[in-house]
Each structure stands twice: as structure tokens, then as C-alpha cells.
Amino acid sequence: QVQLVESGGGLVRPGGSLRLSCAASGFTFSAYVMSWYRQAPGKERELVASITTGGGTTNYADSVKGRFTISRDNAKRTVALQMNNLNNEDADGYYCRGLRVFAPDDLWGQGTQVTGSP
């Protein structure tokens, strides 16, 4: 079964850290560019970070550069998003995406919630 399953969401503590993880199954993980997106209610989903198939190139939204790090482990079929120096503006639903360019295929996880602190 083709799946992307996110985990690791939680409560934002300003200045704190969270680590999101996405576990893949049912497809050739190493052939997919992997990305993290986030979406607030009523807003469009936006790209947070992406990583190429071999992990050699990463790309970040300006709002998270220097604070977030995307990484992948093709042997374990996982992609992670280390989020440091968090603030309440980072509170969103976070979604893992796998994209294959040749023989196009576009996979999404169900998301994990990062919640702002009161």
C-alpha cells in the first residue's frame, strides 16, 4: 500500500524545536523528490522545504531558512524536518509530499499538526 505517514507534530514553544518525520511505504522512495508543505486553515498550502532524490540538494522557503533543516534516509525510507527557533507563525498543518518527475506521480501524506502556544 502506497503511504506517506507523518509524525512528530506538537505544541510550539517559542524558540523551541520540533522534529517531524515522514515514513514512506509501497513505492520506490529513492526515486521521489521529497518535500514538506504547510497549510493554515483557509490558506493555500505552501512549500516549506524540499530535497532531491539523493539528498544532495535542498531548498527552503525564505521564512524558514536558517531555522529548518530537511533530510532524508533512503535506506530507512524516511524524510525529516528539523524545526528550530520556532514561533507561533510556524503553527500549521504540515504535509509530506513525494513527487516523481519521470512517469509522473504525486503522493501526499495526511499531515501532522503543529499547534501554536497561547
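The structure we're discussing is the one just above.
None of the values given here were measured: they were computed from a predicted structure.

The rules behind these values
Residues numbered from 1 in each chain as written. Predicted model: local features only at pLDDT ≥ 70, side-chain atom pairs only at ≥ 80, totals over all residues. Heavy atoms only, no water. Helix = DSSP H or I, 4+ residues; strand = E, 2+ residues; numbered from the N terminus. Buried < 20%, exposed > 50% of the residue type's maximum accessible area, 1.4 Å probe, protein only. Contact = heavy atoms within 4.5 Å. Lys, Arg positive; Asp, Glu negative; His and termini not counted. Charge placed at Lys NZ, Arg CZ, Asp CG, Glu CD. Pairing = 2+ DSSP bridges. Axes fitted to C-alpha atoms, helices over the stretch in contact; angles between N-to-C directions. Salt bridge = Lys/Arg side-chain N within 4 Å of Asp/Glu carboxyl O. Disulfide = S-S within 2.5 Å.

**Thoughts on the overall build of the protein chain**
Along its length, the protein chain carries 0 helices and 10 strands. Starting at the N terminus and walking to the C terminus, you meet the elements of the protein chain as β-β-β-β-β-β-β-β-β-β. Along the three orthogonal principal directions, the C-alpha set of the protein chain runs to about 45 × 25 × 25 Å. Here the protein chain holds 118 residues, and 39% of them are scored as buried. Pairs at least 24 apart in sequence give 54% of the contacts found in the protein chain among residues at least 6 apart. Each charge class in the protein chain was averaged separately, 12 positive and 10 negative side chains, and the resulting centres sit 6 Å apart.

**Let's talk about the sheet that holds strand β1 (residues 3-7)**
In spatial order, the strands read β1-β2-β7-β6; together these 4 strands make up an open sheet with antiparallel pairing. The open sheet has two edge strands with one neighbour each: β1 and β6 (68-73). Neighbour to neighbour, the strand axes of the sheet diverge by 15° on average, direction disregarded. Two elements, β1 and strand β2 (residues 18-25), share 5 bridges in a ladder whose sense is antiparallel. Of the residues in β2, the one forming a bridge with L4 is A24.

**Focus: the pairing of β6**
Of the two faces of β6, only one is covered, namely that formed by F68, I70 and R72; the face formed by T69, S71 and D73 stays uncovered. With 6 bridges connecting them, β6 and strand β7 (residues 78-83) associate as antiparallel partners. Looking at β7, one finds that F68 is bridged to M83. If you look at the hairpin formed by β6 and β7, you'll find 4 residues sitting between the two strands, and R77 has a positive phi there, around 60°.

**Describing the pattern of salt bridges**
In the structure shown here, the tally under the stated rule is 6 salt bridges. Across the pair D90 and R38 runs a salt bridge whose closest N-O atoms are separated by 3.0 Å. One end of the pair, D90, is in the loop between β7 and β8 (92-100); the other, R38, is in strand β3 (residues 33-39), and 52 residues separate them in sequence. The pair D90 / R38 is uniform in exposure class, with both members buried.

**A closer look at the state of the cysteines**
For the coordinates displayed, the defined rule picks out 1 disulfide. The disulfide bridge from C22 ends at C96, spanning 2.2 Å between sulfur atoms. Its S-S torsion of about -85° marks the bond between C22 and C96 as left-handed, since a negative value means left-handed. In this pair, C22 sits in strand β2 while C96 sits in strand β8, placing the two residues 74 residues apart along the sequence. C96 matches C22 in its accessibility class, with the two residues each being buried.

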